[in-house]
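Each chain, letter by letter, is given below.
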Amino acid sequence: MSGRRLWPISLLLLWLGCGGASEPGGFRAVLVPVDTIHLQEPDTLFLGEFLTVTATLNPFRLYVPDRRLHRIVVYDSLGCPVQTIGRPGFDEPGTLRRPSYVLVHGDRLYIQETQDRFAIFKRDGRFIRWQYLPEGYEPTGRGTLHSLDARHLIVGSSSRYEPCASWFGPACEETRAFSVIDTAFQRVTGRFGVFPALYQEKVFAGRWSMLDVLPDRGLAAVVYQLSSEVHFYRVSPEGGVLLRRVPTAHPAWRQITEAMPPTLSPAEMKEIALQVSGMSGVYFVSDTLVVAHFRNLRPGYYVGEGIDLMQVDSYGVVVSVTGSWQQPLAFPGPVLGRDAAYRLYVLLSDEPERRLIGRFRVEVRR
């Protein structure tokens, strides 16, 4: 099939995991390649820099938010561009500022931008409006906007109405990481997400938190950038109830030991980031399993004003929703997202005109 290649099974042996816990009865999690998508880049439509992708099925569409060229490029299953959404600019209708994430919710696209702004488009590319969170709330992180039900969304956000909301001090037990909002962005209906003890003991600039949601089950999995824990919540429009905290273990995890106050210079921030592990996402890979994905940065990660996504070592821990079982995994590249069929989208090559995204599934085998 043009633009789509079966990934050699022989390479699978490189990615089966790093050892670790196995479920009673001899079960193990295996990362299985499904296929690859070669993103075509004609002369008039090349890509700049992207950190996430959003995939929809029936028909298949892959939404790629290009932070450098300020637009969304949409691909089909063969890797052919079929649509562009937005254009560079500031305040003109339909323009985007460094888009980082796309949520497809019904017939609308919610695009998370810089400057705390969200752009809302119809699926056909027609611009509707810009939206900000209600006064007193600010979005945090990227890829933290998820559907809860037809009328509610969940977004990573801070609230000035809560204790210890400032990034210049440690978090408190009462400090929350996520808001449930209505789709019109007019009202926060609930808050949840208790920061791990790590964040309550020291100051860390950017309390980045990430989550994945199973709306039909009212279940959310949460990770925090500098913590190796996975938290599971029962979520509703009124907020979330913590079900359990699951400490994870991976031989490649590098725990941070020193504070990271916002007063550090960018150079100092980068130096610390190169020395510690950072969670970059959590993904349901079935209705009973999640993968907590983290990265260790290599020295070549920071390139001028941008980053090189391939200068990372990517890992994960498969965790059961019950918290009774987990297993380390290694990944061939950064995980960018997942689809409704629980397949993970992994960046295999970021070379211009040879950008490859692999689709993988996680299987549990005896």
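Heads up: the structure comes first, above all this text.
All residue numbers refer to position in the chain's written sequence, counted from 1. A pLDDT threshold of at least 70 governs which residues receive local features in this predicted model, and a stricter bar of 80 or more applies before side-chain atom pairs are shown or counted, although totals over entire chains, interfaces and linings include all residues. Side-chain calculation: all heavy atoms of the structure are included, whereas hydrogens and water are not.

Colleague: Where do I start with the nonpolar core in this structure?
Modeller: Side chains of nonpolar character tend, in soluble globular proteins, to be buried together. Counting 26 residues, the largest nonpolar core has Ile154, Phe178, Phe192, Tyr199, Leu211, Leu226 and Ile256 as the members making the most contacts within it. A run of H or I in DSSP becomes a helix once it reaches four residues, and a run of E becomes a strand once it reaches two; helices and strands are each numbered from the N terminus. Among the elements of the structure, strand S16 (176-182), strand S17 (188-194), helix H1 (197-201), strand S18 (209-214), strand S19 (219-224), strand S20 (229-236) and helix H2 (266-273) are those that each provide at least two residues to this core. In contact with Phe192, not counting residues within four places along its chain, are Ile154, Arg176, Ala177, Phe178, Val180, Leu211, Val222, Tyr233, Val235, Gly239 and Gly240. Formed by 21 residues, the second largest nonpolar core is a distinct cluster that contains Val223, Val246, Trp253 and Val319. Only buried residues count toward a nonpolar core, which is a set of Ala, Val, Leu, Ile, Met, Phe, Trp, Tyr and Cys residues joined through side-chain atoms within 4.5 Å. When accessible area is computed with a 1.4 Å probe and restricted to protein chains, residues below 20% of their type maximum are described as buried, those above 50% as exposed, and intermediate ones as partly exposed. We call two residues in contact when some of their heavy atoms are within 4.5 Å.

Colleague: Mind showing me how you'd approach the state of the cysteines here?
Modeller: Covalent bonding between the sulfur atoms of two cysteines defines a disulfide. By convention in this document, the label disulfide applies to cysteine sulfur atom pairs within 2.5 Å. Applying the stated criterion to the full structure yields 1 disulfide. A sulfur-sulfur separation of 1.5 Å characterises the disulfide bridge that pairs Cys164 with Cys172. Taking the relative accessible area as the measure of exposure, Cys164 reaches 29% and is therefore partly exposed.

Colleague: Just to check I follow, could you spell out the sheet that holds strand S12 (residues 127-131) for this structure?
Modeller: Sheets are built from strands that pair by backbone hydrogen bonding, the pairs being arranged parallel or antiparallel. Following DSSP output, two strands are said to pair if at least two bridges run between them. Read across the sheet, 4 strands follow the order S9-S10-S11-S12 without closing on themselves; strand pairing throughout is antiparallel. On the outer flanks of this sheet lie strand S9 (101-105) and S12, each paired with one strand and no other. Taken over all neighbouring pairs, the strand axes of this sheet differ in orientation by 20 degrees on average, direction set aside. When S9 meets strand S10 (residues 108-112), the two strands line up antiparallel, connected through 5 bridges. The residue of S10 that forms the bridge with Tyr101 is Gln112. Geometry is summarised by axes, namely lines fitted to C-alpha atoms with helices restricted to the contacting stretch, and by angles between N-to-C directions that run from 0 to 180 degrees.

Colleague: Would you take a moment to explain the pairing of S16 for this structure?
Modeller: Regular strands have side chains that alternate between both faces of the sheet. Burial analysis of S16 places 6 of its 7 residues in the buried class, the great majority of the element. Note that S16 and S17 share 5 bridges and pair antiparallel. Residue pairing for S17: Ser179 is matched across the bridge by Arg191.

Colleague: Just checking my understanding: could you explain unusual backbone geometry for this structure?
Modeller: With glycine set apart, most residues show a phi of negative sign, and most peptide bonds adopt trans. The omega angle of the peptide bond from Asn58 to Pro59 is 0 degrees, so this bond is cis rather than trans. Looking at the secondary structure, you find Pro59 in the loop between strand S3 (54-56) and strand S4 (61-66). Even without a glycine there, the phi angle at Asn58 is positive, about 55 degrees. Tracing the chain through its elements places Asn58 in the loop between S3 and S4. When its relative accessible area of 77% is taken as the criterion, Asn58 is described as exposed. A positive phi angle, close to 60 degrees, is found at Cys164, a residue other than glycine. Along the chain, Cys164 turns up in the loop between strand S15 (152-159) and S16.

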